[in-house]
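Structural description and commentary
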Amino acid sequence: MDTSKRDALAGFITREAGARQVTVTHCERLSGGAIQENWRIQGSIDGGPHDGAFDYVLRTDAPSGVGGSHSRAEEFALLQAAFARGVTVPEPLWLCTDSTVLGRPFCLMRRAAGSAAGHLLVKDGKLGGDRKQLAWRLGCELARIHSIAPAPGQLAFLPHGDGAPALRLVRRYRNWLDTQPLPRPALEWGLRWLERNAPEGGKEVLCHRDYRTGNYLVDGDGLTAILDWEFAGWSDPLEDIGWFCAKCWRFGANEREAGGIGEREDFYRGYEEESGASLPRAQVHYWEVMAHMSWAIIALQQAARHSSGEERSLMLALTGHKVPELEFEILDMTAEA
Amino acid sequence: MREIPNAADLLDTARELLRSELAPSLPPEQRHQALMIANAMVIARRQLEDGDAPEQRELAALGELFGLPLEVAPEQLQAELTQRNLLLCRAIRAGQADPGTVLHPAVQAALRMVYRAKVAQSNPRYLEGQP
């Protein structure tokens, strides 16, 4: 980050924090997704309620955006709603929609310690503290997310859909497949199964919609923050349960069915104790099939960005090669006599 | 006359050097990239070795489902596969392969065979129960 941007940022923090002066001592680009740019910003604030040293994360959009995910302002509003409800998220501090400061909208949040790397977490038993406790905690946090009740107008940018969430997803995926040049019969097979077996729509809740290992931070003691709110929206709560427990998101630790880190029953128990209601366990399998379908569609979209030339990338190209195992898994999970 | 190493051999040999010598000596982010390259190379090698045999088998399986020829000329293979898969997709979406139909077990078996072969090319470890 060049000096003029650092100065602009320091000026912004000074105003927002009601301080006399702010010094930015350290800026470090963090590795993150393709959709956002994350920076670690450290320094000190002189005066005002935030007086002292600070360690923040700055989030802004990467130059190549991706449709379907939230803007920085929307994501900030989601973090605020979650933080207010007591969900373990990085504390959201300030949002800047003024592009004259850094050239793009951005937000600042307090940096949470820890690591998110999914493949490391499932292998290294020292990370994340006691795993039974971690699975329970992740269930508990999810139930809390699902209990978020925004004030009128607070999260108005989140659309409410028509009919059952499951059928909305089936429709959306069929519509997308119809835009593609090559037919994919395994996905059609899965979508027909998902259509025929769709649960009736019930109460929709605020779902995280990417709640899985890899999207939360842990340190040696346990959970430190839930991240990546850019796909959050109203849906069936079981969509999140299915995504978390789906085989495709266990990073190879298939026997640990809750996110590759623990037992299902510990995860479910945490959820049920927080929500005060029992989970309809028989319905979870449906949403795990849906999870594989959703991930297959996303993976195809990512591969298409590479193949079309929009963004040439080995990572995106190899993501396309994850699709066959997802399709195979869908066939396996939907096998009927 | 000695054959000079062919495409599959080159890919295998280069990949071995990448994995055994280069990757371990790199910092974490670059090592991860090197392993992605190695993965791309092994998938490419499998595709080279398999040629169009998997697609020929896919064509035959779809041919059996719909009473169509079990073989076509190589230059027509791609187009014919696309056509037959489109036919299959429409049938599935319309419920013509639902449980209880004559098509159901045949389509299920055909899809399992075809997609198992695709996984064998993209990530054979998955079939051993590994990621």
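In what follows, the structure referred to is the one given above.
Notes on the structure in this doc start here.

Thresholds, definitions, all that
Residues numbered from 1 in each chain as written. Chains lettered and ligands numbered in written order. Predicted model: local features only at pLDDT ≥ 70, side-chain atom pairs only at ≥ 80, totals over all residues. Heavy atoms only, no water. Pairing = 2+ DSSP bridges. Helix = DSSP H or I, 4+ residues; strand = E, 2+ residues; numbered from the N terminus. Axes fitted to C-alpha atoms, helices over the stretch in contact; angles between N-to-C directions. Contact = heavy atoms within 4.5 Å. Buried < 20%, exposed > 50% of the residue type's maximum accessible area, 1.4 Å probe, protein only. Polar contact = N/O pair within 3.5 Å; in protein donor to acceptor, adjacent residues only side chain to side chain. Disulfide = S-S within 2.5 Å. Parallel < 35°, antiparallel > 145°, perpendicular 65-115°, else oblique. Left-handed = near helix turned anticlockwise from the far one by under 90°. Nonpolar A, V, L, I, M, F, W, Y, C, P; charged D, E, K, R; others polar. Buried area = accessible area lost by both parts, 1.4 Å probe. Salt bridge = Lys/Arg side-chain N within 4 Å of Asp/Glu carboxyl O.

All names here are of chain A. Within the open sheet, the five strands sit side by side as β1-β2-β3-β5-β4. Their pairing is antiparallel. Every interior strand has two partners, whereas the edge strands, β1 (21-30) and β4 (92-96), have only one. Neighbour-to-neighbour, the strand axes of this sheet turn through a mean angle of 25°, independent of strand direction. Taken together, the five bridges between strand β3 (residues 52-61) and strand β5 (residues 106-110) define a ladder with antiparallel strand orientation. Each residue of the ladder has a partner; that of R59, found in β5, is C107. This element, helix α1 (residues 3-16), spans β1, β2 (36-46), β3, β4 and β5 of the sheet and lies at about 125° to β1. The strands touched by helix α2 (residues 72-85) are β2, β3, β4 and β5; relative to β4, the strand with the most contacts, the crossing angle is about 160°.

Residues and elements named next belong to chain A. Despite not being glycine, R209 shows a phi value in the positive range, around 70°. Relative accessible area serves as the criterion here: at 22%, R209 is assigned to the partly exposed category. Positive phi is not limited to glycine here, since F251 has a value of about 50°. Here F251 shows up in the loop between α8 (237-245) and α9 (264-275). Its relative accessible area of 31% is what places F251 among the partly exposed residues.

So, about the side chain of H208(A). Residues and elements named next belong to chain A. Relative to the helices and strands, H208 resides in the loop between β6 (205-207) and β7 (216-218). Within the structure, the side chain of H208 is placed 3.1 Å from the backbone nitrogen of Y211, a separation counted as a polar contact. With sequence-adjacent residues up to four places away left out, H208 is seen in contact with I145, I226, L227, D228, W229, F231, A232 and D240.

Any covalent bond linking the sulfur atoms of two cysteines counts as a disulfide. All names here are of chain A. Per the stated rule, a full pass over the model turns up zero disulfides over all chains. C96 forms no disulfide, and the closest cysteine sulfur to it belongs to C107, at a distance of 10 Å. Given the relative accessible area of 3%, C96 is considered buried. Not part of a disulfide, C245 finds its nearest cysteine sulfur in C248, a span of 11 Å. Judged by relative accessible area, which is 0%, C245 ranks as buried.

Take the packing of helix α6 (residues 165-178) of chain A against helix α7 (residues 185-196) of chain A next. All names here are of chain A. Close contact between α6 and α7 brings their axes to 10 Å; oriented N to C, the two are set at 155°. Regarding the angle of α6 to α7, the classification is roughly antiparallel. Considering the relative orientation of α6 and α7, their crossing is left-handed. Along its contact with α6, which presents L167, V170, Y173, R174 and L177, the element α7 presents L187, E188, L191, R192, L194 and E195. The residue makeup of the contact of α6 with α7, split by class, is seven nonpolar, no polar and four charged.

What follows covers the interface of chain B and chain A. Contact residues are listed per partner, giving 33 residues for chain B and 31 residues for chain A. A buried area of about 2900 Å², summed over both sides, lies between chain B and chain A, and 66% of it is on carbon and sulfur atoms. Three residues stand out in chain B for area buried against chain A, namely R93(B), Y115(B) and Y126(B), and they jointly supply 26% of the buried area on that side. If you look at where chain B meets chain A, you find four salt bridges. For R192(A), the salt bridge is made with D98(B), and the minimal N-O distance between the two is 2.6 Å. Inspection of the chain B/chain A interface yields nine residue pairs in polar contact (both at pLDDT 80 or more). Of all the elements in the fold, those that place two or more residues in the side of chain B that touches chain A are α2 (28-50), α4 (77-93) and α5 (103-122) of chain B. With ten residues, α5(B) is the single largest residue contributor to the side of chain B that touches chain A. Residue composition of the side of chain B that touches chain A, by class: 17 nonpolar, eleven polar and five charged.

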